[in-house]
Amino acid sequence: MIHNAQLIKQGAEAKVYLAPFCQRQAIIKERFAKAYRHPTLDKKLTSRRVIQEARCLNRCQKAFIDTPTVYLVDVDSSLIYMEFIEGCSVRDYLTTDDGHLPEAQAKVAKEIGTALGKMHNIDVVHGDLTTSNLMMRKESGSLVLIDFGLSYVSNLIEDKAVDLYVLERAFTSTHPNTEVMFAQILEAYGQNSKASKLILKKLEDVRMRGRKRSMLG
Ligand SMILES: Nc1ncnc2c1ncn2[C@@H]1O[C@H](COP(=O)(O)OP(=O)(O)OP(=O)(O)O)[C@@H](O)[C@H]1O
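These figures come from a predicted structure and were not determined experimentally. (Residues numbered from 1 in each chain as written. Predicted model: local features only at pLDDT ≥ 70, side-chain atom pairs only at ≥ 80, totals over all residues. Heavy atoms only, no water.)

> I keep staring at the domain arrangement of the chain and nothing clicks. Help me out?
One frequently used descriptor of interface size is the decrease in accessible area upon assembly of the parts. Domains assigned within the chain are domain 1 (6-83) and domain 2 (87-216). For domain 1 versus domain 2, the separation of C-alpha centres amounts to 23 Å. Contacts between domain 1 and domain 2 engage 15 residues on the former and 19 residues on the latter. Interface area, domain 1 with domain 2, both sides summed: about 1300 Å², of which 58% is carbon and sulfur. Broken down residue by residue, the surface that domain 1 buries against domain 2 is led by Arg59, Ile65 and Asp66, which jointly contribute 38%. Across the domain 1-domain 2 interface, the total number found is 3 salt bridges. In this structure, the salt-bridge partner of Arg137 is Asp66, at a minimum N-O distance of 2.8 Å. The tally of links from domain 1 across to domain 2 stands at 7 residue pairs in polar contact (both at pLDDT 80 or more). When residues of the side of domain 1 that touches domain 2 are traced back to their parent elements, those giving at least two are strand E3 (24-31) and helix H1 (39-62). Considering only residue class, the side of domain 1 that touches domain 2 consists of 6 nonpolar, 2 polar and 7 charged. (Domains from an automatic or database assignment. Contact = heavy atoms within 4.5 Å. Buried area = accessible area lost by both parts, 1.4 Å probe. Salt bridge = Lys/Arg side-chain N within 4 Å of Asp/Glu carboxyl O. Polar contact = N/O pair within 3.5 Å; in protein donor to acceptor, adjacent residues only side chain to side chain. Helix = DSSP H or I, 4+ residues; strand = E, 2+ residues; numbered from the N terminus. Nonpolar A, V, L, I, M, F, W, Y, C, P; charged D, E, K, R; others polar.)

> Any chance you could explain the pattern of salt bridges here in plain terms?
Evaluation of the coordinates by the stated rule reveals 14 salt bridges. In this structure, Lys29 and Asp147 form a salt bridge, with 2.8 Å as the shortest nitrogen-oxygen distance. Of this pair, Lys29 sits in strand E3 while Asp147 is found in the loop between strand E9 (143-145) and strand E10 (152-153), placing the two residues 118 residues apart along the sequence. Here Lys29 falls in the buried class, since its relative accessible area comes to 10%. Residue class for Asp147 comes out partly exposed when judged on its relative accessible area of 24%. Between Arg37 and Asp42 there is a salt bridge, with its nearest N and O atoms 2.9 Å apart. Connected through salt bridges with shared partners, the residues Glu13, Lys29, Arg31, Glu53 and Asp147 form a single ionic network. (Buried < 20%, exposed > 50% of the residue type's maximum accessible area, 1.4 Å probe, protein only.)

> What exactly am I supposed to notice about the environment of Glu30 here?
Relative to the helices and strands, Glu30 resides in strand E3. In sequence terms Glu30 and Ser78 are 48 residues apart; their C-alpha atoms lie 5.7 Å from each other. Filtering out sequence-adjacent residues up to four positions away, Glu30 remains in contact with Glu13, Ala14, Lys15, Tyr17, Ser77, Ser78 and Leu79. A distance of 3.3 Å separates the side chain of Glu30 from the side chain of Tyr17, its partner in a polar contact.

So this is what it looks like as structure tokens:
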């Protein structure tokens, strides 16, 4: 039980709360036990996930990639306390109907591509890139990557290409007519990721595999 907490999301793996922490509002992410798993194994897997998420967030912060600052990691209780980002998700930004200027959209795309390029440069693979996991700060509009719950460290070109493919699928399935924006994301990614040539080439293979799979049903 977290004191004065307001549940903001109940997912399949975790509960996300907004709660006061040291005189400020914080996000508290709590991973809960899975009833179908053996308790000892469950504790081990849950702890590993908590540590992995916090580690990837820290790794990004050390590289000055804007992500929520981790305040506290309580492995025993499977809790991560982190900065509450005030703002809106890119998903909400793209689905609100207030006719964003192409220049404004291009700026967001550039920030996304730049952040992802930098994240892959330090071998962090996000694992769940959707437009809900990209936030824009209220004050500055600057981009923040959130939800590192499925993230891991990998230097494999394939893993990074799949990361981009997951985001591409999220764009095409959720936001019609954003092909130009996604191309702008990849352009900025190309300018910021060290291995972009190989990764973008691999992305073409991953897309092809995806198409074959959907043709076969
Ligand atoms: N640091 C944060 N600041 C503001 N809002 C946040 C923050 N972290 C999460 N949220 C909000 O809570 C929602 C759920 O968080 P998150 O995506 O981390 O959980 P989840 O998808 O349930 O986790 P997981 O994918 O690890 O199972 C986000 O979509 C976002 O709206």
